[in-house]
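For reference, the chains in residue letters:
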Amino acid sequence: MRKEEIIQYVNEHATGTILSFPDRGPWGNPKYRGNFSGWIPASILVRYGCRSVSEIFAGSGTTSDLCKDLGIPYCGIDLNPNPVRTDISFMDILDYGRELPDGFYEADLQMLHPPYPGINDIHYSNGMWLDDKGLTNADIQEMPWAQGMHAVNKAIMRGYAAMPKGAYQAVVVGDIRRKGIFRSMLTNLTLPGEQVQILVKAQHNTVSGNRTYNNNQFFFIEHEFVVITKKPSGYEIAFVVPQHFTMDIRDSQSTTWKDVVYAVLRQLGASASLDKIYEEIEPHKKAQGNPHWKAKVRQTLQMLAKTGSATHVAYGRWCVA
């Protein structure tokens, strides 16, 4: 495809933050599971005026083919020991004993479309390509969710460290629902540098689009996200790291007594004695921080009764209304 045609198409069809390309373009192998439309990197290249590309998880060669048509330098790496293009090198991004190719230190756009951890019906090693080097353990697609996302974030940070000042990094990720459990790659990403924009990429002709989930209880997942960041300086590695916390509501100082008492009543179910309510709260920080906490519990129960949220069913016994 001619460079002028690519630029014209992008300028006409990629004007907003929702990118939708039913025609994936002539680049790469359309049968390669999980690959993306070449119009995605094309849109980013044209919009940000980038003139060279590096890529981690180069896959079927989509971005490589696009860069050939645009006449710009490209350098990619992939876990496939027999890369599909000559400008893609075999490399495990998690192997810190090997250095990234020189092209990663020069490109002003770095693309990553990492595998989705834990999707068991897609296999890259011994699926999309022959694993003749025993690489399955390094294949993010084969890793459990937490391990796989940790590996994705290591790849993002390693790629970012090689980028020159002013370069952009674009990471394409999506959401996963497996056996009723929903996980979002976006909310588990480590994001280095300066956050520039988040694009929504519409998905077309996907295998998952023909499935139903729990009798249509959930919306179909029909999009991915493109997270774009920029490296503002040569030395700085500033980044945002997702953190996950679990806390008992009775140990939180930011919750109100209504929050805590209501939660206890709901947890106990049927009517509960005042002593049982005390027993549920006493070992926790909410009670330990207030010497008059029992009086506060009684006051809260009376307030809930006045608003119709709780019922005083008998002497010293309460339940949710």
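The structure presented is a predicted model; accordingly, all values stated were derived computationally and were not measured.

**Student:** How should the packing of aromatic side chains be read in this particular structure?
**Tutor:** Under the criterion given, the structure shown has seven aromatic pairs. Plain terms: the ring middles of Y9 and F21 are 6.2 Å apart, the flat faces sit at 35° to each other, and that makes the pair tilted. Placement of the pair is Y9 in helix α1 (residues 3-13) and F21 in the loop between β1 (18-19) and α2 (39-48), with a sequence separation of twelve residues. On the basis of relative accessibility, which here comes to 24%, the residue Y9 falls in the partly exposed class. Look at F21 and you get buried, because its relative accessible area is 5%. Between Y48 and Y168, the aromatic rings sit 4.6 Å apart at their centres with planes inclined by 35°, giving tilted as the arrangement. Here Y48, found in helix α2, pairs with Y168, found in strand β6 (residues 168-178); they are 120 residues apart in sequence, far enough to count as distant. Look at Y168 and you get buried, because its relative accessible area is 13%. An aromatic cluster of three or more residues is present, and its members are Y9, F21, W27 and W39.

**Student:** Would you explain the pattern of salt bridges in this entry?
**Tutor:** Working definition: two side chains of opposite charge can pair if their charged atoms are close together. For the coordinates displayed, the defined rule picks out nine salt bridges. Here K201 and E224 are joined by a salt bridge, their closest N and O atoms 2.8 Å apart. With a gap of 23 residues between them, K201 in strand β9 (residues 194-202) and E224 in strand β10 (residues 223-230) connect regions that are remote in the sequence. Residues K276 and E280 are paired through a salt bridge, measuring 3.7 Å at the closest nitrogen-oxygen approach. Placement of both K276 and E280 in helix α6 (residues 274-281) is noted, with a separation of four residues, approximately one turn of the helix.

**Student:** In this structure, what is going on with a nonpolar patch on the surface? I would like to understand it.
**Tutor:** There is a patch of nonpolar side chains on the surface, built from I237, F239 and V241 and spanning about 270 Å² of accessible area. Among the structural elements, I237 can be located in the loop between β10 and β11 (239-240).

Rules used throughout
Residues numbered from 1 in each chain as written. Predicted model: local features only at pLDDT ≥ 70, side-chain atom pairs only at ≥ 80, totals over all residues. Heavy atoms only, no water. Phe/Tyr/Trp six-rings, centres within 6.5 Å; stacked < 30°, edge-to-face > 60°. Helix = DSSP H or I, 4+ residues; strand = E, 2+ residues; numbered from the N terminus. Buried < 20%, exposed > 50% of the residue type's maximum accessible area, 1.4 Å probe, protein only. Salt bridge = Lys/Arg side-chain N within 4 Å of Asp/Glu carboxyl O. Patch = residues over 30% accessible without salt bridge, like charges linked within 9 Å, V, L, I, M, F, W, Y side chains within 5 Å. Areas by Shrake-Rupley, 256 points an atom, 1.4 Å probe, with all protein chains shown as cover.

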